[in-house]
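# A look at the structure
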Amino acid sequence: MGKTMKYCYGICLLSSIVINILFSINLYLGGGGGALQRGEKKHEIVYRPSLTWSEKAAADAEAVAAFSCSGHGRAYLDSLISDGHTVCECYTCYGGIDCSEFSPGCSADADSGDPIFLEPFWMQNAEDSAIVVSGWHRMSYSYADYTSMSTMSSEVEKYIRKLHSIVGNAITEDRYLVFGIGSSQLLSAAVYALSSQNSSSPSNVVATIPYYPMYEAQTLFFNSEDFEFEGDTTSWKLNNATDKMDVIEFVTSPNNPDGELKTSVLGGKTIYDHAYFWPHFTPIPAPSDHDFMIFTLSKLTGHAGARFGWAVIKDKDVYEKVSRYITVADLGISKDTQLRVLKLLKVAVESDGKQLFKFAYDKMRERWDRLTSVFSKSTRFSIQKRDPLHCNFFNETRLPSPAYAWVKCEREEEDDCRAVLKAGKIIGRSGSTYKAKDRYVRLSLIKSQDDFDLLMLRLTELVSLENGNIESI
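Rules of the game
Residues numbered from 1 in each chain as written. Predicted model: local features only at pLDDT ≥ 70, side-chain atom pairs only at ≥ 80, totals over all residues. Heavy atoms only, no water. Core = buried A, V, L, I, M, F, W, Y, C linked by side-chain atoms within 4.5 Å. Buried < 20%, exposed > 50% of the residue type's maximum accessible area, 1.4 Å probe, protein only. Helix = DSSP H or I, 4+ residues; strand = E, 2+ residues; numbered from the N terminus. Axes fitted to C-alpha atoms, helices over the stretch in contact; angles between N-to-C directions. Parallel < 35°, antiparallel > 145°, perpendicular 65-115°, else oblique. Left-handed = near helix turned anticlockwise from the far one by under 90°. Contact = heavy atoms within 4.5 Å. Nonpolar A, V, L, I, M, F, W, Y, C, P; charged D, E, K, R; others polar. Pairing = 2+ DSSP bridges. Salt bridge = Lys/Arg side-chain N within 4 Å of Asp/Glu carboxyl O. Phe/Tyr/Trp six-rings, centres within 6.5 Å; stacked < 30°, edge-to-face > 60°. Lys NZ or Arg CZ within 6 Å of the ring centre and 35° of its normal.

### Examining the nonpolar core
- With 98 residues, the main nonpolar core has Phe292, Trp310, Val322 and Leu443 as its most contacted residues.
- For this core, the leading source of residues is helix 12 (residues 354–375), giving nine residues.
- Formed by five residues, the second largest nonpolar core is a distinct cluster that contains Val64, Cys69, Ala75 and Cys99.

Laid out in C-alpha coordinates, this is it:
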(Lines give C-alpha, C1' and ligand atoms only; values in the text may rest on other atoms or scores of the structure.)
Protein backbone atom coordinates (compact mmCIF):
# COMPACT_ATOMS: atom_id res chain seq x y z
CA MET A 1 0.00 0.00 0.00
CA GLY A 2 2.86 2.38 0.97
CA LYS A 3 4.71 1.64 -2.25
CA THR A 4 1.56 2.32 -4.26
CA MET A 5 1.07 5.69 -2.55
CA LYS A 6 4.69 6.68 -3.20
CA TYR A 7 4.29 5.67 -6.85
CA CYS A 8 1.15 7.83 -7.16
CA TYR A 9 2.90 10.78 -5.53
CA GLY A 10 5.77 10.39 -7.96
CA ILE A 11 3.45 10.36 -10.96
CA CYS A 12 1.65 13.48 -9.68
CA LEU A 13 4.94 15.30 -9.08
CA LEU A 14 6.22 14.45 -12.55
CA SER A 15 2.92 15.54 -14.13
CA SER A 16 3.06 18.81 -12.20
CA ILE A 17 6.58 19.49 -13.43
CA VAL A 18 5.61 18.78 -17.07
CA ILE A 19 2.52 21.00 -16.83
CA ASN A 20 4.56 23.87 -15.37
CA ILE A 21 7.15 23.51 -18.11
CA LEU A 22 4.46 23.63 -20.80
CA PHE A 23 2.79 26.59 -19.10
CA SER A 24 6.09 28.46 -19.01
CA ILE A 25 6.72 27.79 -22.68
CA ASN A 26 3.22 28.99 -23.49
CA LEU A 27 3.66 32.12 -21.36
CA TYR A 28 7.02 33.24 -22.71
CA LEU A 29 7.01 31.96 -26.26
CA GLY A 30 3.36 32.52 -27.06
CA GLY A 31 0.22 30.45 -27.12
CA GLY A 32 -3.49 30.87 -26.81
CA GLY A 33 -4.30 29.90 -30.38
CA GLY A 34 -1.16 31.17 -32.06
CA ALA A 35 -0.65 34.82 -32.97
CA LEU A 36 2.07 37.44 -32.67
CA GLN A 37 3.13 38.93 -29.34
CA ARG A 38 5.44 41.85 -28.64
CA GLY A 39 7.81 41.32 -25.69
CA GLU A 40 7.46 43.80 -22.84
CA LYS A 41 11.19 44.28 -22.17
CA LYS A 42 12.97 44.08 -25.50
CA HIS A 43 10.04 45.01 -27.78
CA GLU A 44 10.80 42.03 -29.98
CA ILE A 45 8.11 40.35 -32.07
CA VAL A 46 7.69 36.68 -31.05
CA TYR A 47 6.17 34.35 -33.63
CA ARG A 48 3.58 31.90 -32.34
CA PRO A 49 3.01 28.59 -34.09
CA SER A 50 -0.27 29.53 -35.85
CA LEU A 51 -2.50 32.46 -36.87
CA THR A 52 -5.79 33.68 -35.39
CA TRP A 53 -7.64 36.71 -36.80
CA SER A 54 -5.27 37.12 -39.78
CA GLU A 55 -5.67 33.52 -40.98
CA LYS A 56 -8.73 34.16 -43.17
CA ALA A 57 -7.28 37.37 -44.62
CA ALA A 58 -4.05 35.59 -45.51
CA ALA A 59 -5.97 32.65 -47.00
CA ASP A 60 -8.10 35.01 -49.13
CA ALA A 61 -5.02 36.81 -50.44
CA GLU A 62 -3.28 33.53 -51.27
CA ALA A 63 -6.38 32.17 -53.01
CA VAL A 64 -6.76 35.22 -55.24
CA ALA A 65 -3.04 35.35 -56.02
CA ALA A 66 -3.24 31.71 -57.13
CA PHE A 67 -5.56 32.65 -60.03
CA SER A 68 -3.33 32.35 -63.09
CA CYS A 69 -5.74 34.07 -65.49
CA SER A 70 -3.78 32.16 -68.17
CA GLY A 71 -0.84 34.48 -67.56
CA HIS A 72 -2.65 37.28 -69.44
CA GLY A 73 -4.35 39.02 -66.55
CA ARG A 74 -4.64 39.20 -62.78
CA ALA A 75 -7.25 38.66 -60.08
CA TYR A 76 -7.30 40.90 -57.01
CA LEU A 77 -9.00 40.95 -53.64
CA ASP A 78 -11.12 43.90 -54.82
CA SER A 79 -11.94 42.42 -58.24
CA LEU A 80 -15.52 41.89 -59.31
CA ILE A 81 -17.34 38.78 -58.07
CA SER A 82 -19.55 36.80 -60.48
CA ASP A 83 -21.55 33.77 -59.35
CA GLY A 84 -19.46 33.65 -56.21
CA HIS A 85 -16.17 33.58 -58.12
CA THR A 86 -13.52 36.28 -58.53
CA VAL A 87 -13.35 37.70 -62.06
CA CYS A 88 -9.99 37.95 -63.84
CA GLU A 89 -8.97 41.41 -65.04
CA CYS A 90 -7.44 40.76 -68.47
CA TYR A 91 -4.61 42.61 -70.15
CA THR A 92 -5.27 44.49 -73.37
CA CYS A 93 -6.33 42.24 -76.27
CA TYR A 94 -7.18 39.29 -74.02
CA GLY A 95 -10.62 38.23 -72.83
CA GLY A 96 -12.70 35.34 -71.59
CA ILE A 97 -13.33 34.14 -68.07
CA ASP A 98 -9.64 33.20 -67.64
CA CYS A 99 -8.11 35.72 -70.10
CA SER A 100 -7.18 32.94 -72.52
CA GLU A 101 -8.90 34.40 -75.58
CA PHE A 102 -6.65 36.63 -77.72
CA SER A 103 -8.11 39.10 -80.23
CA PRO A 104 -5.90 38.74 -83.34
CA GLY A 105 -6.83 42.10 -84.84
CA CYS A 106 -6.30 44.03 -81.60
CA SER A 107 -4.21 47.23 -81.55
CA ALA A 108 -1.12 47.47 -79.37
CA ASP A 109 -1.88 50.03 -76.65
CA ALA A 110 1.33 51.95 -75.87
CA ASP A 111 -0.40 55.09 -74.63
CA SER A 112 -0.32 54.97 -70.84
CA GLY A 113 2.68 54.98 -68.52
CA ASP A 114 1.44 52.09 -66.37
CA PRO A 115 4.67 50.52 -64.97
CA ILE A 116 3.41 46.93 -64.97
CA PHE A 117 6.78 45.69 -66.28
CA LEU A 118 7.87 45.35 -62.62
CA GLU A 119 4.99 43.05 -61.67
CA PRO A 120 7.07 39.84 -62.08
CA PHE A 121 9.65 41.15 -59.62
CA TRP A 122 7.06 41.57 -56.89
CA MET A 123 5.58 38.16 -57.63
CA GLN A 124 9.05 36.71 -57.08
CA ASN A 125 9.23 38.62 -53.78
CA ALA A 126 5.67 37.91 -52.67
CA GLU A 127 6.52 36.89 -49.11
CA ASP A 128 8.75 39.86 -48.33
CA SER A 129 6.46 42.48 -49.87
CA ALA A 130 3.08 41.30 -48.51
CA ILE A 131 1.34 43.00 -45.58
CA VAL A 132 -1.63 42.02 -43.39
CA VAL A 133 -3.38 44.93 -41.67
CA SER A 134 -5.73 44.66 -38.72
CA GLY A 135 -9.11 46.37 -38.84
CA TRP A 136 -8.02 48.73 -36.05
CA HIS A 137 -4.68 49.69 -37.59
CA ARG A 138 -3.94 53.41 -36.94
CA MET A 139 -7.54 54.61 -37.03
CA SER A 140 -6.85 58.22 -36.05
CA TYR A 141 -6.44 61.12 -38.48
CA SER A 142 -2.99 61.47 -39.98
CA TYR A 143 -2.54 64.97 -38.58
CA ALA A 144 -4.04 64.32 -35.13
CA ASP A 145 -2.02 61.41 -33.77
CA TYR A 146 1.37 63.09 -33.79
CA THR A 147 3.24 60.32 -31.95
CA SER A 148 2.25 57.41 -34.19
CA MET A 149 2.36 59.53 -37.34
CA SER A 150 5.88 60.65 -36.54
CA THR A 151 6.96 57.05 -35.90
CA MET A 152 5.71 55.78 -39.27
CA SER A 153 6.79 58.83 -41.26
CA SER A 154 10.28 58.75 -39.79
CA GLU A 155 10.64 55.07 -40.75
CA VAL A 156 9.54 55.76 -44.32
CA GLU A 157 11.88 58.75 -44.50
CA LYS A 158 14.77 56.64 -43.17
CA TYR A 159 14.36 54.10 -45.96
CA ILE A 160 13.90 56.78 -48.61
CA ARG A 161 17.18 58.39 -47.55
CA LYS A 162 18.87 54.98 -47.52
CA LEU A 163 17.61 54.20 -51.02
CA HIS A 164 18.85 57.52 -52.40
CA SER A 165 22.24 56.89 -50.86
CA ILE A 166 22.40 53.42 -52.42
CA VAL A 167 21.74 54.64 -55.98
CA GLY A 168 24.40 57.36 -55.73
CA ASN A 169 21.95 60.21 -55.21
CA ALA A 170 22.29 60.78 -51.45
CA ILE A 171 20.05 63.31 -49.70
CA THR A 172 22.10 65.56 -47.44
CA GLU A 173 21.02 65.94 -43.82
CA ASP A 174 20.10 69.60 -44.27
CA ARG A 175 17.33 68.71 -46.73
CA TYR A 176 13.68 68.37 -45.68
CA LEU A 177 11.36 65.60 -46.91
CA VAL A 178 7.61 65.89 -47.34
CA PHE A 179 5.22 63.21 -48.63
CA GLY A 180 2.41 63.76 -51.12
CA ILE A 181 -0.36 61.84 -52.88
CA GLY A 182 1.75 60.99 -55.88
CA SER A 183 4.11 63.40 -57.57
CA SER A 184 1.14 65.22 -59.14
CA GLN A 185 0.02 66.69 -55.80
CA LEU A 186 3.58 67.70 -54.99
CA LEU A 187 3.88 69.50 -58.33
CA SER A 188 0.96 71.79 -57.52
CA ALA A 189 2.20 72.20 -53.93
CA ALA A 190 5.60 73.23 -55.27
CA VAL A 191 4.14 75.96 -57.51
CA TYR A 192 2.06 77.23 -54.60
CA ALA A 193 5.07 77.32 -52.26
CA LEU A 194 7.43 79.01 -54.73
CA SER A 195 5.01 81.61 -56.11
CA SER A 196 5.26 85.23 -55.02
CA GLN A 197 2.06 85.30 -53.01
CA ASN A 198 2.55 88.91 -51.91
CA SER A 199 3.47 90.16 -55.35
CA SER A 200 1.29 92.53 -57.34
CA SER A 201 1.74 90.30 -60.41
CA PRO A 202 1.52 86.50 -60.64
CA SER A 203 4.56 84.25 -60.95
CA ASN A 204 5.24 82.95 -64.45
CA VAL A 205 5.33 79.13 -64.70
CA VAL A 206 7.33 77.69 -67.63
CA ALA A 207 8.66 74.35 -68.93
CA THR A 208 10.81 73.32 -71.91
CA ILE A 209 9.07 71.66 -74.87
CA PRO A 210 8.42 68.73 -74.99
CA TYR A 211 7.09 68.83 -71.44
CA TYR A 212 4.81 66.76 -69.20
CA PRO A 213 1.27 68.13 -69.81
CA MET A 214 0.28 68.05 -66.11
CA TYR A 215 2.41 71.15 -65.47
CA GLU A 216 0.15 73.28 -67.64
CA ALA A 217 -3.08 71.44 -66.81
CA GLN A 218 -2.71 71.87 -63.04
CA THR A 219 -1.60 75.48 -63.22
CA LEU A 220 -4.61 76.38 -65.38
CA PHE A 221 -7.03 74.28 -63.33
CA PHE A 222 -6.23 75.96 -60.02
CA ASN A 223 -6.63 79.35 -61.72
CA SER A 224 -4.74 81.18 -58.98
CA GLU A 225 -4.04 84.90 -58.93
CA ASP A 226 -0.56 84.04 -57.62
CA PHE A 227 0.71 82.16 -60.69
CA GLU A 228 -0.07 81.52 -64.36
CA PHE A 229 1.34 79.21 -67.01
CA GLU A 230 3.40 80.91 -69.75
CA GLY A 231 4.45 77.93 -71.88
CA ASP A 232 7.90 77.12 -73.29
CA THR A 233 10.90 78.29 -71.24
CA THR A 234 13.13 79.29 -74.15
CA SER A 235 10.37 81.24 -75.94
CA TRP A 236 9.46 83.03 -72.72
CA LYS A 237 13.11 83.94 -72.09
CA LEU A 238 13.45 85.51 -75.55
CA ASN A 239 10.45 87.77 -74.98
CA ASN A 240 10.87 88.80 -71.34
CA ALA A 241 13.36 90.39 -68.99
CA THR A 242 14.05 87.50 -66.65
CA ASP A 243 15.74 89.67 -64.02
CA LYS A 244 12.59 91.76 -63.55
CA MET A 245 9.95 89.04 -63.35
CA ASP A 246 9.21 86.18 -60.97
CA VAL A 247 9.53 82.84 -62.75
CA ILE A 248 9.06 79.20 -61.70
CA GLU A 249 10.68 76.69 -64.06
CA PHE A 250 9.78 73.01 -64.32
CA VAL A 251 12.67 70.74 -65.29
CA THR A 252 11.88 67.07 -65.93
CA SER A 253 15.03 64.98 -65.75
CA PRO A 254 14.99 62.42 -67.28
CA ASN A 255 12.41 64.08 -69.46
CA ASN A 256 8.95 62.76 -70.20
CA PRO A 257 8.51 61.98 -73.13
CA ASP A 258 12.03 61.69 -74.59
CA GLY A 259 14.12 60.50 -71.60
CA GLU A 260 16.77 63.23 -71.92
CA LEU A 261 18.59 64.46 -68.81
CA LYS A 262 17.67 68.13 -68.54
CA THR A 263 19.01 71.15 -66.66
CA SER A 264 17.54 74.55 -65.87
CA VAL A 265 17.45 77.16 -68.64
CA LEU A 266 16.79 80.17 -66.40
CA GLY A 267 18.68 79.21 -63.25
CA GLY A 268 16.15 80.74 -60.85
CA LYS A 269 13.30 79.10 -58.95
CA THR A 270 13.30 75.56 -60.29
CA ILE A 271 11.26 72.43 -59.62
CA TYR A 272 13.17 69.30 -60.63
CA ASP A 273 10.77 66.47 -61.48
CA HIS A 274 12.87 63.34 -60.95
CA ALA A 275 10.13 60.75 -61.41
CA TYR A 276 12.39 58.73 -63.74
CA PHE A 277 15.75 59.42 -62.07
CA TRP A 278 16.41 55.76 -61.20
CA PRO A 279 19.09 53.35 -62.47
CA HIS A 280 16.72 51.26 -64.58
CA PHE A 281 15.78 54.29 -66.72
CA THR A 282 18.96 56.34 -66.79
CA PRO A 283 22.60 56.19 -65.71
CA ILE A 284 23.07 58.09 -62.43
CA PRO A 285 26.14 60.18 -63.36
CA ALA A 286 26.19 62.28 -60.17
CA PRO A 287 23.97 63.16 -57.20
CA SER A 288 21.17 65.60 -57.96
CA ASP A 289 21.52 68.41 -55.44
CA HIS A 290 18.86 70.98 -56.26
CA ASP A 291 16.72 73.19 -54.02
CA PHE A 292 13.45 71.45 -54.89
CA MET A 293 13.24 67.87 -56.21
CA ILE A 294 10.24 65.56 -56.60
CA PHE A 295 10.29 61.75 -56.73
CA THR A 296 7.55 59.12 -56.97
CA LEU A 297 7.09 55.50 -55.94
CA SER A 298 5.28 54.89 -59.23
CA LYS A 299 8.36 54.68 -61.45
CA LEU A 300 10.65 53.39 -58.69
CA THR A 301 8.82 50.19 -57.69
CA GLY A 302 5.98 50.22 -60.25
CA HIS A 303 3.24 50.81 -57.66
CA ALA A 304 1.48 53.65 -59.44
CA GLY A 305 -1.81 52.84 -57.70
CA ALA A 306 -0.30 53.55 -54.26
CA ARG A 307 -0.22 57.27 -55.16
CA PHE A 308 2.83 58.14 -53.10
CA GLY A 309 5.58 60.63 -53.79
CA TRP A 310 8.06 62.76 -51.91
CA ALA A 311 9.75 66.12 -52.28
CA VAL A 312 13.30 66.94 -51.17
CA ILE A 313 13.48 70.62 -50.21
CA LYS A 314 16.37 72.84 -49.15
CA ASP A 315 14.61 75.95 -47.81
CA LYS A 316 12.71 75.61 -44.52
CA ASP A 317 10.09 78.23 -45.40
CA VAL A 318 9.32 76.49 -48.70
CA TYR A 319 9.14 73.15 -46.88
CA GLU A 320 6.62 74.55 -44.39
CA LYS A 321 4.46 75.97 -47.20
CA VAL A 322 4.43 72.61 -49.00
CA SER A 323 3.59 70.81 -45.75
CA ARG A 324 0.72 73.20 -45.09
CA TYR A 325 -0.59 72.68 -48.64
CA ILE A 326 -0.62 68.89 -48.17
CA THR A 327 -2.27 69.16 -44.74
CA VAL A 328 -5.01 71.53 -45.91
CA ALA A 329 -5.67 69.54 -49.08
CA ASP A 330 -5.78 66.04 -47.58
CA LEU A 331 -5.03 66.16 -43.84
CA GLY A 332 -1.82 64.26 -44.53
CA ILE A 333 -0.99 61.00 -46.29
CA SER A 334 -2.89 57.78 -45.67
CA LYS A 335 -1.29 55.66 -42.95
CA ASP A 336 -2.28 52.50 -44.83
CA THR A 337 -0.38 53.81 -47.85
CA GLN A 338 2.67 54.63 -45.75
CA LEU A 339 2.66 51.13 -44.27
CA ARG A 340 2.67 49.55 -47.73
CA VAL A 341 5.33 51.97 -48.95
CA LEU A 342 7.53 51.10 -45.97
CA LYS A 343 7.24 47.39 -46.75
CA LEU A 344 8.12 47.95 -50.41
CA LEU A 345 11.08 50.20 -49.61
CA LYS A 346 12.51 47.57 -47.27
CA VAL A 347 12.53 45.12 -50.19
CA ALA A 348 13.96 47.76 -52.53
CA VAL A 349 17.03 48.36 -50.35
CA GLU A 350 17.84 44.67 -49.91
CA SER A 351 21.27 43.71 -51.28
CA ASP A 352 22.00 47.44 -51.63
CA GLY A 353 19.24 47.79 -54.19
CA LYS A 354 20.88 45.45 -56.69
CA GLN A 355 18.03 42.94 -56.66
CA LEU A 356 15.36 45.45 -57.73
CA PHE A 357 17.41 47.67 -59.99
CA LYS A 358 19.18 44.85 -61.81
CA PHE A 359 15.85 43.17 -62.54
CA ALA A 360 14.31 46.44 -63.74
CA TYR A 361 17.33 47.50 -65.80
CA ASP A 362 17.71 44.10 -67.45
CA LYS A 363 14.06 44.24 -68.43
CA MET A 364 14.32 47.77 -69.87
CA ARG A 365 17.62 47.07 -71.65
CA GLU A 366 16.15 43.96 -73.29
CA ARG A 367 13.15 45.97 -74.47
CA TRP A 368 15.35 48.72 -75.91
CA ASP A 369 17.51 46.17 -77.68
CA ARG A 370 14.45 44.73 -79.40
CA LEU A 371 13.06 48.19 -80.16
CA THR A 372 16.25 49.56 -81.72
CA SER A 373 16.59 46.40 -83.80
CA VAL A 374 13.20 47.08 -85.39
CA PHE A 375 13.77 50.80 -85.98
CA SER A 376 17.25 50.19 -87.44
CA LYS A 377 15.49 48.64 -90.46
CA SER A 378 13.33 51.73 -91.05
CA THR A 379 13.80 55.00 -92.92
CA ARG A 380 10.17 55.97 -92.39
CA PHE A 381 10.41 56.14 -88.58
CA SER A 382 13.14 57.12 -86.12
CA ILE A 383 13.53 57.20 -82.34
CA GLN A 384 15.46 59.49 -80.00
CA LYS A 385 19.25 59.35 -79.87
CA ARG A 386 20.72 57.88 -76.68
CA ASP A 387 24.22 58.75 -75.50
CA PRO A 388 26.17 56.57 -73.06
CA LEU A 389 26.99 57.90 -69.59
CA HIS A 390 28.79 56.53 -66.58
CA CYS A 391 26.38 55.18 -63.97
CA ASN A 392 27.59 55.44 -60.38
CA PHE A 393 25.15 52.76 -59.24
CA PHE A 394 26.17 50.04 -61.69
CA ASN A 395 29.73 51.43 -61.89
CA GLU A 396 29.80 51.18 -65.65
CA THR A 397 29.23 53.29 -68.74
CA ARG A 398 25.91 52.42 -70.33
CA LEU A 399 23.10 53.70 -72.49
CA PRO A 400 19.94 55.16 -70.98
CA SER A 401 16.87 52.92 -71.13
CA PRO A 402 13.99 55.44 -71.00
CA ALA A 403 10.42 54.56 -70.12
CA TYR A 404 9.20 55.84 -73.48
CA ALA A 405 10.19 55.79 -77.13
CA TRP A 406 9.90 59.22 -78.76
CA VAL A 407 9.04 58.24 -82.33
CA LYS A 408 9.29 60.58 -85.31
CA CYS A 409 7.62 60.11 -88.71
CA GLU A 410 10.30 61.11 -91.22
CA ARG A 411 8.22 61.36 -94.38
CA GLU A 412 7.29 64.97 -95.12
CA GLU A 413 3.67 64.16 -95.91
CA GLU A 414 3.14 62.20 -92.67
CA ASP A 415 2.80 65.09 -90.23
CA ASP A 416 0.30 63.25 -87.99
CA CYS A 417 2.41 60.37 -86.74
CA ARG A 418 -0.19 59.15 -84.25
CA ALA A 419 -2.65 58.61 -87.13
CA VAL A 420 0.03 56.77 -89.10
CA LEU A 421 0.74 54.41 -86.22
CA LYS A 422 -2.94 53.99 -85.46
CA ALA A 423 -3.47 52.78 -89.02
CA GLY A 424 -0.82 50.18 -88.23
CA LYS A 425 -2.73 49.11 -85.10
CA ILE A 426 -0.51 50.96 -82.64
CA ILE A 427 -1.94 53.42 -80.12
CA GLY A 428 0.49 56.11 -78.96
CA ARG A 429 0.31 59.59 -77.49
CA SER A 430 0.59 62.49 -79.91
CA GLY A 431 3.43 65.00 -79.79
CA SER A 432 1.03 67.93 -79.36
CA THR A 433 0.14 66.52 -75.94
CA TYR A 434 3.65 67.65 -74.95
CA LYS A 435 3.40 70.86 -77.03
CA ALA A 436 5.70 69.32 -79.66
CA LYS A 437 4.82 68.73 -83.32
CA ASP A 438 2.42 65.91 -84.17
CA ARG A 439 5.19 64.45 -86.28
CA TYR A 440 6.20 62.88 -82.94
CA VAL A 441 4.49 60.15 -80.90
CA ARG A 442 5.28 58.78 -77.46
CA LEU A 443 5.17 54.98 -77.08
CA SER A 444 5.17 53.45 -73.59
CA LEU A 445 7.69 50.66 -72.99
CA ILE A 446 6.83 49.95 -69.34
CA LYS A 447 3.53 48.11 -69.58
CA SER A 448 3.07 44.35 -69.27
CA GLN A 449 5.10 41.83 -71.26
CA ASP A 450 1.98 41.02 -73.29
CA ASP A 451 1.61 44.69 -74.20
CA PHE A 452 5.25 45.04 -75.18
CA ASP A 453 5.30 41.85 -77.24
CA LEU A 454 2.24 42.97 -79.18
CA LEU A 455 3.80 46.41 -79.70
CA MET A 456 6.90 44.75 -81.16
CA LEU A 457 4.72 42.61 -83.44
CA ARG A 458 2.81 45.64 -84.78
CA LEU A 459 5.98 47.73 -85.22
CA THR A 460 7.70 44.88 -87.07
CA GLU A 461 4.70 44.53 -89.38
CA LEU A 462 4.64 48.28 -90.03
CA VAL A 463 8.38 48.59 -90.71
CA SER A 464 8.38 45.46 -92.88
CA LEU A 465 5.84 47.09 -95.20
CA GLU A 466 8.57 49.57 -96.25
CA ASN A 467 10.43 46.65 -97.87
CA GLY A 468 7.32 44.97 -99.20
CA ASN A 469 7.50 41.92 -96.96
CA ILE A 470 6.52 40.83 -93.46
CA GLU A 471 9.29 39.59 -91.19
CA SER A 472 8.93 37.81 -87.88
CA ILE A 473 10.28 39.37 -84.71
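### Focus on the packing of helix 6 (residues 182–194) against helix 10 (residues 316–330)
- At a minimum axis separation of 9 Å, helix 6 and helix 10 run at an interaxial angle of 130°. Taken as axis vectors, helix 6 and helix 10 run oblique relative to one another. Handedness of the helix 6/helix 10 crossing: right-handed. Contact with helix 6, carried on its side by Gln185, Leu186, Ser188, Ala189, Tyr192, Ala193 and Leu194, involves Val318, Lys321, Val322, Tyr325, Ile326, Ala329 and Asp330 of helix 10 and no other residues of that element.
- Here the residues of the contact of helix 6 with helix 10 are counted per class, giving 10 nonpolar, two polar and two charged.

### Considerations on the pairing of strand 23 (residues 440–444)
- Counting buried residues in strand 23 gives four out of five residues, a clear majority hidden from the surface.
- Bridge analysis of strand 22 (residues 429–430) against strand 23 gives two bridges, and the strand direction is antiparallel. Following the sheet pairing, Arg429 is matched in strand 23 by Arg442.

### Focus on the sheet that holds strand 14 (residues 269–273)
- Here we have seven strands laid out as an open sheet, ordered 10-16-15-14-13-11-12, and mixed in their pairing. In this open sheet, the two edge strands, each paired with only one partner strand, are strand 10 (176–180) and strand 12 (227–232). On average, each strand axis in the sheet is inclined to that of its neighbour by 25°, with strand direction left out of account.
- Direction of pairing for strand 11 (residues 203–207) relative to strand 13 (residues 247–252): parallel, over a ladder of four bridges. Bridging across to strand 13, Val205 finds its partner in Ile248.
- Most of the contacts of helix 6 go to strand 15 (residues 292–296), to which it runs at about 165°, and overall it touches strand 10, strand 11, strand 12, strand 13, strand 14, strand 15 and strand 16 (309–313).
- Docked against the sheet, helix 10 engages strand 10, strand 15 and strand 16, running at close to 20° with respect to strand 10.

### Some details on the pattern of salt bridges
- Taken as a whole, this structure holds 19 salt bridges when the rule is applied.
- One continuous salt-bridge network, built from bridges that share partners, spans Asp174, Arg175 and Asp289.

### A closer look at the packing of aromatic side chains
- Counted by the stated rule, this structure contains 24 aromatic pairs.
- With centroids separated by 4.8 Å and ring planes inclined at 80°, the aromatic side chains of Phe393 and Phe394 adopt a geometry described as edge-to-face.
- Judged by its relative accessible area of 10%, Phe393 is buried.
- The ring of Phe393 is capped by Lys354, whose NZ or CZ atom sits 5.9 Å from the centre of that ring.
- Positioned over the ring face of Tyr404 is Arg442, at 3.7 Å from the centre of the ring.

### Concerning the packing of helix 12 against helix 14 (residues 449–464)
- In the contact formed by helix 12 and helix 14, the axes pass within 9 Å of each other and the chain directions differ by 15°. Judged by the angle between their axes, helix 12 and helix 14 are roughly parallel. Handedness of the crossing formed by helix 12 with helix 14: left-handed. For the pair helix 12 and helix 14, the contacting residues are Lys363, Arg367, Arg370, Leu371, Val374 and Phe375 in the first and Gln449, Phe452, Asp453, Met456, Leu459, Thr460 and Val463 in the second.
- Class assignment of the residues belonging to the contact of helix 12 with helix 14 gives a composition of seven nonpolar, two polar and four charged.

### Overview of unusual backbone geometry
- Note that the residue after Ile209, namely Pro210, is joined by a cis bond; omega there is 0°.
- Here Pro210 is to be found in the loop between strand 11 and helix 7 (214–222).
- Omega for the bond connecting Ser253 with Pro254 falls within 30 degrees of zero, at -5°, which places this linkage in the cis form.
- Its place among the elements puts Pro254 in the loop between strand 13 and strand 14.
- The phi torsion at Ser70 lies on the positive side, around 60°, for a residue other than glycine.
- With respect to the secondary-structure elements, Ser70 resides in the loop between helix 2 (54–65) and strand 3 (73–74).
- For Asn395, which is not glycine, the phi torsion reads 55° and is therefore positive.
- Relative to the assigned elements, Asn395 resides in the loop between strand 18 (389–391) and strand 19 (396–398).

On their own, these measurements won't tell you what the molecule is for.
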